Amino acid sequence: VIRLDADRIAFLVGDVTGKGVPAALFMALSKALAKSVVLRGVPSLADAAAILNEELLRDNSEAMNVTMLVGILDLSSGELVLMSAGHEDPLHIRGDGAIAIHKLDGGPPFCIVDFPYPDEPMTLAPGEALVLISDGVSEAQNGDGALFGHDRLLAALQGRTNASAMVEAMRDAVRAFEDGTDPTDDLTVMAVRYLG
């Protein structure tokens, strides 16, 4: 989460292919470059994505790729712009408690091909939230090899009213589902709730 100015914040989650030290280093590079590009005041997230993709392609000796979901939220209005590079779609929690997957057009992960990533606007009403996850949540496995899946995601968030409770409920539901099985991937959850 990055404060851009008095009224705007940027937030992002990402997930790198691979494991170990090379993947960790590439994620650190991706995060630093994303922060740098967003703070430059580039006119749109689409432009920022093009710059970021170009920079990551240049510094990618291991031929890795990274999915990323970036948002910029105007705190004075709830107006939001999203950009997805192959990342899981966010969950939109409405004021009445209804939960839906917010489908994004997006594009492929960064470091695969040049692509015109679109800006995708939406507005959050006071009390509404977005929950961003990595595929380590939806693809978590139990001892029988079953996947956690989206139905369990939605059930874990049901009735949660603040961002901390949303994150904790998601983490706890995944760990209970795994039931002591070693995690197959990292687990990333971010909740952004607009208070108005």
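Residues numbered from 1 in each chain as written. Predicted model: local features only at pLDDT ≥ 70, side-chain atom pairs only at ≥ 80, totals over all residues. Heavy atoms only, no water.

A. Just helix 4 (residues 149-157), in detail. Among the residues making up helix 4, those that are buried are Leu 153, Ala 156 and Leu 157. For helix 4, the angular spread of the buried residues around the axis is 95 degrees, confining them to a single face. Exposed and facing more than 90 degrees away from the buried side of helix 4 are Asp 151 and Ala 155. Of the surrounding secondary structure, the elements contacted by the buried residues of helix 4 are strand 5 (91-93), strand 6 (99-101), strand 8 (129-133), helix 3 (135-138) and helix 5 (163-178). (Buried < 20%, exposed > 50% of the residue type's maximum accessible area, 1.4 Å probe, protein only. Helix = DSSP H or I, 4+ residues; strand = E, 2+ residues; numbered from the N terminus. Arc of directions from axis to C-beta. Contact = heavy atoms within 4.5 Å.)

B. Representation of the nonpolar core. Phe 26, Leu 52, Leu 56, Val 66, Met 68, Met 83 and Phe 110 are the most contacted members of the largest nonpolar core, which has 24 residues in total. Elements with a minimum of two residues in this core: strand 2 (8-16), helix 1 (20-39), helix 2 (45-58), strand 3 (66-74) and strand 4 (79-85). For this core, the element with the highest residue contribution is helix 1, accounting for five residues. Met 83 has contacts with Leu 45, Ala 49, Met 68, Leu 69, Val 70, Phe 110, Tyr 117 and Pro 118, leaving out every residue within four places of it along the chain. Membership of the second largest hydrophobic core comes to 17 residues, among which are Ile 93, Ala 129, Ala 140 and Met 170. (Core = buried A, V, L, I, M, F, W, Y, C linked by side-chain atoms within 4.5 Å.)

C. Just the side chain of Glu 128, in detail. Tracing the backbone through its elements, the reader meets Glu 128 in the loop between strand 7 (120-123) and strand 8. In this structure, Glu 128 is buried with no salt-bridge partner, the nearest side chain bearing the opposite charge being Arg 94 at 5.1 Å. (Lys, Arg positive; Asp, Glu negative; His and termini not counted. Salt bridge = Lys/Arg side-chain N within 4 Å of Asp/Glu carboxyl O.)

D. Expanded view of the pattern of salt bridges. Overall, the coordinates contain six salt bridges when judged by the stated rule. Here Asp 5 and Arg 8 are joined by a salt bridge, their closest N and O atoms 2.9 Å apart. Classification of Asp 5 by relative accessible area gives partly exposed; the value is 32%. Of the charged contacts in the structure, one is a salt bridge between Arg 58 and Glu 54, with a shortest N-O distance of 3.3 Å. Within this pair, Arg 58 and its partner Glu 54 are both found in helix 2, separated by four residues, close to a single helical turn.

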